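# Breakdown of the fold
What follows is each chain in one-letter form.
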Amino acid sequence: MEREGIVRALPIADPASAADRSLAADPARKPRSRSTWHAPTTERPFAKWLLIGVALAFLAVFLVMPLVVVFVEALRAGLGDYLDAITDPDALAAIRLTLLISVIAVPANLVFGLAAAWSIAKFEFKGKSFLITLIDLPFSVSPVIAGLVFVLLFGAQGSLGPWLSGHGIKIIFAVPGMVLATIFVTFPFVARELIPLMQEQGAGDEEAAISLGASGFKTFWLVTLPNVRWALLYGVLLCNARAMGEFGAVSVVSGHIRGVTDTMPLHVEILYNEYSYSAAFAVASILALLALLTLGLKSLLEWRNAEHLRSTRGH
Amino acid sequence: MVGFALPRLKQPSVIPGFAPTLGFTVLYLSIIVLIPLGALILKAAGLGFGDFIALATASRTLAALQLSFLTALVAASINAVFGLLIAWVLVRYDFPGRRVIDAVIDLPFALPTAVAGIALTSLYTPNGWIGQFFAPLGLKVAYTPIGIVVALTFVSLPFVVRTVEPVLRDLDREVEEAAATLGAGRFATVTRVILPALLPALLTGYALALARAIGEYGSVVFIAGNIPYVSEIAPLLIVIRLEEFNYAGATAVAALMLAISFAMLLTINLIQAYSRRRYGHGA
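Residues numbered from 1 in each chain as written. Chains lettered and ligands numbered in written order. Predicted model: local features only at pLDDT ≥ 70, side-chain atom pairs only at ≥ 80, totals over all residues. Heavy atoms only, no water.

## Focus: a nonpolar patch on the surface
Residue and element names in this part refer to chain A. Defined as follows: The patches described consist of residues with a relative accessible area above 30% and no salt bridge, like charges being joined within 9 Å and nonpolar side chains (Val, Leu, Ile, Met, Phe, Trp, Tyr) within 5 Å. Accessible areas in this description were obtained via Shrake-Rupley with a 1.4 Å probe; residue shielding takes into account the shown protein chains only. One side-chain nitrogen of Lys or Arg within 4 Å of one carboxyl oxygen of Asp or Glu is enough to make a salt bridge. Per the convention used, a helix needs a DSSP run of H or I reaching at least four residues, while a strand needs a run of E reaching at least two, with both numbered from the N terminus. Per-residue accessibility, obtained with a 1.4 Å probe over protein chains only, is compared with the maximum for each type, and a residue is labelled buried under 20%, exposed over 50%, and partly exposed between these values.
A contiguous nonpolar patch, built from L293, L297, L300 and W303 and spanning about 380 Å² of accessible area, is present on the exposed surface. Summarising the element assignment, L293 is placed in helix α15 (residues 277-304). Judged by its relative accessible area of 54%, L293 is exposed.

The structure is reproduced here in structure tokens:
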């Protein structure tokens, strides 16, 4: 056939001789040694290590040094002073209040996250994407505004202020206001972990369980919850870290009464402004340890259960 | 079938619990978020147009808003460059300690802002670990707007890394091979093939970092110096107005900031909608 003829007419290329010819044609081009060779879809080793070096230097200055300086400053005055600072009655009261607020705020947002994810992921309804946007809203609001809105509602000059004070209920400059402000700033954490994952998983498992006669509650408990348990834990972890560390929103509604409405981050501020630097850093070091613990657990969850968490994660 | 002419809100489903869970979601959302934010907007509206404009355009308010916006813009831009670089290094290269570095990126999300604030201040004062190198140059970092940029860079650092990272990881390497086969150099491949595909994720991360940085308070108040007209950020001005019991003043600044937040949120959603249409995934 004609085509075969064309193929036969072409000289059979020998890769080695072709390479030799091209080298002979271009005397400036030297054969590259194995160590400097790089695939056309990667960078030269020099560029690669330069990029790694710049990235690591940036992270060392902006992330590692702030973390290290907390512990160095905390222990500067000696271990005795460090222990005194964190066992001071006001510091202990601040630790207790921080724990109390997060013990209320995290479960509240956990229940909300589960309810929101169930309704959004298992059903199709109008206005769903608008609802998801509203759930993410608190992340775009300044923490100071999160505190301010509750002062405007419940403060002495607020809309409900006179009624509340008439009934002897104190929300602003008291613990309830601090809990509300914390719930506001940590509002989306659990929901935003669960919603995309449960949407990905679909409603097939639940429909099967229901058709086999399981009750709605049993389906949730035995089918849905095990499917999302790692993402749930992940959300709770982040929610808790923010709840314990929140400063701006809580600061606005707290009133800064030492030993009464003083959380750990607020106590750090008070000590710092009194020039008790070592004590401030000592309390701060507990919060830094908490942050490290959170990061450790979070990484453990990501490494062990990558397939059970949602794949694309944007904070 | 039910013969009502009402549009059907929900598709039929055998799964129970739609009404109670959606009801609870909307109720909780209203009590915690919508009603309080609504109260702020009502309060701002109740000020009257003239008063609101007077408070919003007071020179101190404008100076604080301008400072917040500009420092946030600089910090987000720094993080756009370095965040992209860090995401690239984490996804494309293997080096000792990569997993630890990957875990540490989220430190600004986990470390309370007050702790970050005092730590950064101690680093950048003239006799601090880093500040000592700037002092001989006559450059003050702590207690100046530069210090604000440093704090905002810290708190908004993870956003760009975490939005670009998954997109970069899922990027099809065959496209790069095709570019290389067609004769593109590595630099051309990176800038003309890879970067355009990363752009929506990069913009989303940039907008998220910017939104976070504009509203940031805790880490900034320690390092800023807080001098009116010079290093006083908008969230701090809200706190100062509240401490003066000037609720109208606080509300006016807050309403302006809320408007900026909503605009940012809208921008982010538009970028993501565009990205889903163009690349088939949300950035």
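## Regarding the environment of R192 of chain A
Topologically, R192 of chain A is positioned in helix α10 (residues 189-201). Relative accessible area serves as the criterion here: at 17%, R192 of chain A is assigned to the buried category.

## So, the UniProt feature "transmembrane region" (unreviewed entry) in chain B
All names here are of chain B. We apply this condition: UniProt positions are given in the numbering used here, feature names are shortened, and annotations may be inferred rather than shown by experiment.
Here, UniProt's "transmembrane region" (unreviewed entry) annotation points to residues 21-42, 62-91, 103-122, 142-161, 193-214, 220-240 and 247-271. As annotated, residues 193-214 comprises 100% helix and 0% strand, and the C-alpha atoms at either end are separated by 32 Å. For residues 247-271, the end-to-end C-alpha separation is 36 Å, with 100% helix and 0% strand making up the annotated structure.

## Some points on the side chain of S122 of chain B
Heads up, the rule is: Any two residues having at least one pair of non-hydrogen atoms within 4.5 Å are treated as being in contact.
Locating S122 of chain B in the fold gives a position in helix α6 (residues 113-124). Looking at S122 of chain B, the relative accessible area reads 14%, which means it is buried. When residues no more than four places from it in sequence are discounted, the contact partners of S122 of chain B are V69, E73 and F281 of chain A together with G128 and W129 of chain B.

## Some remarks on the nonpolar core
Let me state the cut-off plainly: By convention a nonpolar core is built from buried Ala, Val, Leu, Ile, Met, Phe, Trp, Tyr and Cys residues, the set being connected through side-chain atoms within 4.5 Å.
Of all hydrophobic cores here, the largest spans 182 residues; its most connected members are I135 and I145 of chain A together with Y124 of chain B. Sequence-distant contacts of I135 of chain A, that is, excluding residues within four places in its chain, are made with F112, A116, I120, F187, P188, A191 and I195 of chain A together with T25 and L29 of chain B.

## Considering the interface of chain A and chain B
To keep it simple, the criterion reads: Within 3.5 Å is the distance limit for a polar contact, defined as a pair of N or O atoms, with the added protein rule that one can donate a hydrogen and the other accept it, and that residues adjacent in sequence qualify only through two side-chain atoms. Nonpolar residues are Ala, Val, Leu, Ile, Met, Phe, Trp, Tyr, Cys and Pro. Charged residues are Asp, Glu, Lys and Arg, and all others, Gly as well, are polar.
Opposite the 87 residues of chain A that make contact, chain B presents 97 residues. Counting across the chain A and chain B interface gives two salt bridges. For R186 of chain B, the salt bridge identified is with E43 of chain A, shortest N-O distance 2.5 Å. Joining chain A to chain B, the criterion identifies 10 residue pairs in polar contact (both at pLDDT 80 or more). Residue contributions to the side of chain A that touches chain B peak at 20 residues, all from helix α3 (residues 45-74) of chain A. Across the side of chain A that touches chain B, the residue classes break down as 61 nonpolar, 15 polar and 11 charged.

## Description of the packing of aromatic side chains
Residue and element names in this part refer to chain A. Selection rule: Ring geometry is summarised as follows: Phe, Tyr and Trp rings, the Trp one being its six-membered ring, pair when their centres sit within 6.5 Å, and such pairs are stacked at plane angles under 30 degrees, edge-to-face over 60 and tilted between the two.
In total, this model carries 19 aromatic pairs over all chains according to the counting rule given. Measuring from centroid to centroid gives 6.2 Å for F217 and W221, while their planes differ by 10 degrees, and the two rings are stacked. With F217 and W221 both in helix α12 (residues 216-245) and four residues apart, this pair spans about one turn of that helix. The exposure class assigned to F217 is exposed, which follows from its relative accessible area of 61%.

## Here's the deal with the packing of helix α9 (residues 157-170) of chain B against helix α11 (residues 186-215) of chain B
All names here are of chain B. Condition: For helices, the fitted line uses only the C-alpha atoms of the stretch in contact; every axis is such a line through C-alpha atoms, and the angle between N-to-C directions lies from 0 to 180 degrees. Should an angle lie under 35 degrees it is considered roughly parallel, over 145 roughly antiparallel, and from 65 to 115 roughly perpendicular; all remaining angles are considered oblique. By convention the crossing between two helices is left-handed if the near helix lies anticlockwise of the far one by an angle smaller than a right angle, and right-handed if it lies clockwise.
Between α9 and α11, the shortest axis-to-axis distance is 7 Å and the interhelical angle comes to 155 degrees. Judged by the angle between their axes, α9 and α11 are roughly antiparallel. The two elements α9 and α11 meet at a crossing, and its hand is right-handed. For the pair formed by α9 and α11, the contact residues are F159, V160, T163, V164, V167 and L168 on the first element and I194, A197, L198, A201, L202, T204, G205, Y206, L208, A209 and R212 on the second. Of the residues that constitute the contact of α9 with α11, the class distribution is 13 nonpolar, three polar and one charged.

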